[in-house]
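Report on the structure
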Amino acid sequence: MTETKKNEKRESALLSLAANIVVPALILSKGGDWAPQVPAAARLVVALAFPCAYFFYDYARRREANWISVLGFAGTLLTGGVGLMRLSPFWVAVKEAAIPALIAAALLCSRRLCRTLLFNEKIFDVPAIEAACASRGTEAALAGTLRRASRVLAASFALSAALNFALARLVVTTDPAENLDAFNAELGRMLSLSWPVIVLPCMFFIAAALWLLLRGLSAASGMPSEKLLKIESKN
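My aim in this report is to walk through the structure given alongside it, one point at a time. (Residues numbered from 1 in each chain as written. Predicted model: local features only at pLDDT ≥ 70, side-chain atom pairs only at ≥ 80, totals over all residues. Heavy atoms only, no water.)

**Quick word on the overall build of the protein**
Basically, it comes down to this: A run of H or I in DSSP counts as a helix once it spans at least four residues, and a run of E counts as a strand once it spans at least two, with each numbered from the N terminus. Think of it in three bands: residues with accessible area under 20% of the maximum for their type are buried, residues over 50% are exposed, and the middle band is partly exposed, with areas taken using a 1.4 Å probe on protein chains only. Contacts were defined at the residue level, with two residues in contact if any of their heavy atoms lie within 4.5 Å. Residue burial considers only the protein chains on display, and all accessible areas are found by Shrake-Rupley using a 1.4 Å probe. In this count, Lys and Arg are taken as positive residues and Asp and Glu as negative ones, while His and the chain termini are left out. A charge is said to be at NZ when it belongs to Lys, at CZ for Arg, at CG for Asp and at CD for Glu.
Scanning the protein from N- to C-terminus turns up 10 helices and 0 strands. When the helices and strands of the protein are read in sequence order from the N terminus, they spell out α-α-α-α-α-α-α-α-α-α. Taking the principal axes of the C-alpha coordinates as reference, the protein spans close to 70 × 35 × 25 Å. Counting all 235 residues of the protein, 38% fall into the buried class. Contacts in the protein between residues far apart in sequence, at least 24 positions, make up 74% of those at least 6 positions apart. Here the protein displays about 12900 Å² of accessible surface, and carbon together with sulfur accounts for 65% of that area. Charge separation in the protein, taken as the distance between the mean sites of 25 positive and 17 negative side-chain charges, equals 5 Å.

Next comes the structure, spelled out in structure tokens:
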């Protein structure tokens, strides 16, 4: 293992969850009670500053920003734009649905994207798998496995888009031009509901895509499942 691989830094899932969901949701939903003297627009800016700050912090620490994290960062700015520009709450739903819908469409159109999200060298021993498939003449089976996994993963993002839109329309109903405090509280409630309502159902599709990928890779390469995954030594 190279020194670069040994020192490779991983994203902190707990810190990401806190900065992107928990803290903004608390500020938006409870900020009016905690600091009623602070204007609603300022509370919205502070709440959305946390995911923005986390994006730059994580990039500076790991020197890695994939395009999905960039889309998430752009989505945060758009959410703030809807509130600060006093646009209709309908546009919150559009924004919430647009990003996962774009990812779903990209997965259906690009084989490379499945390699980025699932079949990548951080998870799988890609060179060994590709070499085994080449020696067995099963490159077509490998490509077919990646296509099927891409479709299942695209279904998870399509489901996320539909659930995002429905949740936003049900929860965020106040026009920010009329009552930005109520809009902030509804935005915070939407963020807090996003994990149980959206993430958990979508995890089923992601698990199915990984299972399908593992089974297909094992069949195409002739390698047992435990040999497919990249298990790095702790030493």
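Moving on from the model shown.
**So, the pattern of salt bridges**
Should their charged atoms come close, side chains of opposite charge can pair. So the rule is basically this: Whenever a carboxyl oxygen of Asp or Glu lies within 4 Å of a side-chain nitrogen of Lys or Arg, that contact is scored as a salt bridge.
Enumeration according to the criterion identifies 4 salt bridges in this entry. A salt bridge links Arg43 to Asp181; its shortest N-O distance comes to 1.9 Å. Here Asp181 lies in helix α9 (residues 180–221) and Arg43 lies in helix α3 (residues 40–62), a separation of 138 residues in the sequence. A relative accessible area of 41% means that Asp181 is categorised as partly exposed. Note that Glu96 and Lys95 form a salt bridge whose closest N and O atoms lie 2.4 Å from each other. Accessibility expressed as a relative area gives 14% for Lys95, which makes it buried.

**Focus: the packing of aromatic side chains**
Definition in use: Pairing of aromatic side chains here covers Phe, Tyr and the six-membered ring of Trp, requires ring centres within 6.5 Å, and sorts the geometry by plane angle: under 30 degrees stacked, over 60 edge-to-face, intermediate tilted.
One pass over the structure, following the stated rule, counts 6 aromatic pairs. Taking the centre distance of 5.3 Å and the plane angle of 80 degrees together, the rings of Phe55 and Phe56 count as edge-to-face. Among the residues examined, Phe55 registers a relative accessible area of 16% and is labelled buried. The structure contains a cluster of three or more aromatic residues connected by ring pairs, namely Phe90, Trp91 and Phe165.

**Some remarks on the side chain of Thr145**
Looking at the secondary structure, you find Thr145 in helix α8 (residues 139–171). Accessibility expressed as a relative area gives 3% for Thr145, which makes it buried. Sequence-distant contacts of Thr145, that is, excluding residues within four places in its chain, are made with Leu212, Leu213, Gly216 and Leu217.

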